Amino acid sequence: QGVPCANGHRCCPRGSHCSADGQSCIVSPGTGASHVAPRAVPCPDGRSECPDDATCCVTTSGAWGCCPMPQASCCADKVHCCPHATVCDLARGRCLSPIGDVPVRTKFPAWKRQPPVPVAPRQVLCPDGRSACPDGATCCQLPSAQYGCCPLQNAVCCSDGRHCCPQGTACDLERAICTAAQPPPLLPRARDVRCDEVTSCPDGNTCCRLSSGAWGCCPLEEAVCCPDHVHCCPQGYTCDPEGGTCLQEGGGRRPWVQKTPALRRGGDVRCDEVTSCPDGNTCCRLSSGAWGCCP
């Protein structure tokens, strides 16, 4: 429901209009602001912010940084992050989830919040280096080998050079539809780390006692449990309670990691003797005959 500008190349959000020079979008009277500002995620310090599809995470310097994923998990080393609902495995540099592991991502610095300013419409540069599409669109090659614009972000360009589909779908040119991507096959159950008969930690963690006496999980493999019953350090390090860090023989130093409470064992939905889905899911057969998980 955007508003097209007079030159036919740009547009503005509903409730605004194009400036005379066509370089910015101005909110119509009565909407309470003079310009349309880009959306951003404010960080807890009230002074920093990240892009709208990012997550604020503290960095090793204590300043705020941005993880380039929405609702991400901030890793304990204050350098990396993982997608939503996954667990950081810093020892192997992976993000763990029931449907497969992915590499950890690196954060970038956040920027200071600025007052609203006129926003020039951004453009997406196409691979040929000469063509461009509006922000939020995707460059797709036409039958002529030139580039056209699909009005969808991160779209799938169809092989016929004329159509495109939303992200996460596939082109079905015979039926002229976009089909949902095949769900990933169910993986064998991740091996939990057993703390005792009733509690466990995720694979790649280490069981450490909390100050309450209950088991906690250190998100490091074969970690060193610190005597304060709150923190832990990587293998080969010793805990330095005074400095709140982990010391390595030879002078190496890194921030120590805070433990989380261990999980009560069980709760997975069993599909058969060797496969299962996370709690709250449903086992459904895939077209291959293997089990899949419906969330």
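Conventions adopted
- Residues numbered from 1 in each chain as written.
- Predicted model: local features only at pLDDT ≥ 70, side-chain atom pairs only at ≥ 80, totals over all residues.
- Heavy atoms only, no water.
- Helix = DSSP H or I, 4+ residues; strand = E, 2+ residues; numbered from the N terminus.
- Buried < 20%, exposed > 50% of the residue type's maximum accessible area, 1.4 Å probe, protein only.
- Contact = heavy atoms within 4.5 Å.
- Areas by Shrake-Rupley, 256 points an atom, 1.4 Å probe, with all protein chains shown as cover.
- Pairing = 2+ DSSP bridges.
- pLDDT = per-residue confidence, 0-100.
- Salt bridge = Lys/Arg side-chain N within 4 Å of Asp/Glu carboxyl O.
- Phe/Tyr/Trp six-rings, centres within 6.5 Å; stacked < 30°, edge-to-face > 60°.
- Lys NZ or Arg CZ within 6 Å of the ring centre and 35° of its normal.
- Core = buried A, V, L, I, M, F, W, Y, C linked by side-chain atoms within 4.5 Å.
- Domains from an automatic or database assignment.
- UniProt positions renumbered as here; feature names shortened; annotations may be inferred.
- Disulfide = S-S within 2.5 Å.

Visitor: Quick question: what am I supposed to make of the overall build of the protein chain here?
Guide: Per the secondary structure count, the protein chain includes zero helices and 40 strands. For the protein chain, the residues scored as buried account for 30% of the 295 residues in total. Restricting to contacts in the protein chain with at least 6 residues of sequence separation, those with at least 24 account for 26%. Of the accessible surface of the protein chain, which amounts to about 18,100 Å², a share of 54% is contributed by carbon and sulfur atoms.

Visitor: Please explain the sheet that holds strand E16 (residues 111-112) as it appears in this structure.
Guide: Through backbone hydrogen bonds, the strands of a sheet pair up, either in parallel or in antiparallel fashion. An order of E5-E6-E16 is seen for the three strands of this open sheet, with the pairing classed as antiparallel. Only two strands of the sheet have a single partner each, and these edge strands are strand E5 (40-42) and E16. Across three bridges, E5 lies against strand E6 (residues 48-51) in antiparallel orientation. Bridged to alanine 40 within E6 is proline 51.

Visitor: Help me out: how do you make sense of the confidence of the model for the protein chain in this one?
Guide: Atom-level detail of predicted coordinates should not be read off regions where pLDDT is low. Per-chain confidence: the protein chain averages 81 in pLDDT, with 87% of residues scoring 70 or above. Note that pLDDT drops below 50 for residues 31-37; the model gives that stretch 17 contacts with residues more than four away or on any other chain.

Visitor: Quick question: what am I supposed to make of the pattern of salt bridges here?
Guide: When the charged atoms of two side chains with opposite charge come close together, those side chains can pair. In this structure the tally under the stated criterion is four salt bridges. Between arginine 175 and aspartate 172 there is a salt bridge whose closest N-O contact spans 2.6 Å. Classification of arginine 175 by relative accessible area gives exposed; the value is 56%. Owing to a relative accessible area of 16%, aspartate 172 belongs among the buried residues under this scheme. Here the salt bridges do not stand alone but share partners, grouping Asp89, Arg92 and Asp203 into one network.

Visitor: Just to check I follow, could you spell out the packing of aromatic side chains for this structure?
Guide: The geometry of two aromatic rings is summed up by the distance between their centres and the angle between their planes. Under the definition given, this model contains zero aromatic pairs. The aromatic ring of tryptophan 215 is capped on one face by arginine 209, whose charged end is 3.9 Å from the ring centroid.

Visitor: Please explain the nonpolar core as it appears in this structure.
Guide: Here is a general trend for soluble globular proteins: nonpolar side chains tend to be buried in one another's company. Formed by Cys75, Cys82, Cys88, Leu90, Cys95, Val104, Cys208, Cys218, Leu220, Ala223, Cys232 and Val257, the largest nonpolar core amounts to twelve residues. Lining this core are residues from two domains, each supplying at least three of them: domain 2 (43-112) and domain 4 (196-264). Cys233, Cys239, Cys246 and Trp256 belong to the second largest nonpolar core, which has six residues in total.

Visitor: Explanation requested: the sheet that holds strand E11 (residues 87-89) in the structure shown.
Guide: The strand order E11-E12-E13 describes an open sheet built from three strands, whose pairing is antiparallel. Two strands bound the open sheet, and with one partner strand each, they are E11 and strand E13 (102-103).

Visitor: Looking at this structure, I do not really get the UniProt feature "domain: Granulins" (unreviewed entry) in the protein chain. What am I missing?
Guide: Per the UniProt record, "domain: Granulins" (unreviewed entry) is annotated on residues 75-88, 158-171 and 226-239. Secondary structure within residues 75-88 divides into 0% helix and 36% strand; the distance between the first and last C-alpha atoms comes to 6 Å. Along residues 226-239, the helical share is 0% and the strand share 43%, with 6 Å between the first and last C-alpha atoms.

Visitor: Would you take a moment to explain the side chain of asparagine 205 for this structure?
Guide: With respect to the helices, strands and loops of the structure, asparagine 205 is situated in the loop between strand E26 (199-201) and strand E27 (206-209). Apart from residues no more than four positions distant in its own chain, asparagine 205 is found in contact with Val193, Cys217, Cys218, Pro219 and Leu220.

Visitor: Any chance you could explain the state of the cysteines here in plain terms?
Guide: Put plainly, two cysteines are in a disulfide when a covalent bond ties their sulfur atoms together. Summed over the entire model, instances satisfying the criterion amount to 20 disulfides. A sulfur-sulfur distance of 2.0 Å marks the disulfide that ties cysteine 50 to cysteine 66. Between cysteine 50 and cysteine 66, the S-S torsion sits near -90°, and that sign places the bridge as left-handed. Separated by 16 residues along the polypeptide, cysteine 50 in strand E6 and cysteine 66 in strand E8 (residues 64-67) bring together distant segments of the chain. Residue class for cysteine 50 comes out buried when judged on its relative accessible area of 0%. Sulfur-sulfur distance for the disulfide between cysteine 57 and cysteine 74 comes to 1.9 Å. Taking the sign of the S-S torsion, -75° for the link of cysteine 57 and cysteine 74, the bridge is left-handed. In this pair, cysteine 57 sits in strand E7 (residues 55-58) while cysteine 74 sits in strand E9 (residues 73-74), placing the two residues 17 residues apart along the sequence.

Visitor: What exactly am I supposed to notice about the pairing of strand E31 (residues 237-240) here?
Guide: On any regular strand, side chains alternate: one points to one face of the sheet, the next to the other face. Inspection of the sheet shows E31 paired to strand E32 (residues 245-248) by four bridges, in the antiparallel sense. The residue of E32 that forms the bridge with cysteine 239 is cysteine 246. Between E31 and the antiparallel strand that follows it, E32, lie four residues; glycine 244 among them carries a positive phi value of about 65°.

Visitor: Help me understand the pairing of strand E23 (residues 169-172), please; the structure alone is not making it clear to me.
Guide: The sheet contact formed by E23 and strand E24 (residues 177-180) spans four bridges and is antiparallel. Of the residues in E24, the one forming a bridge with aspartate 172 is isoleucine 177. Hairpin geometry of E23 and E24 is characterised by an intervening segment of four residues between the two adjacent antiparallel strands and by a positive phi of about 55° at alanine 176.

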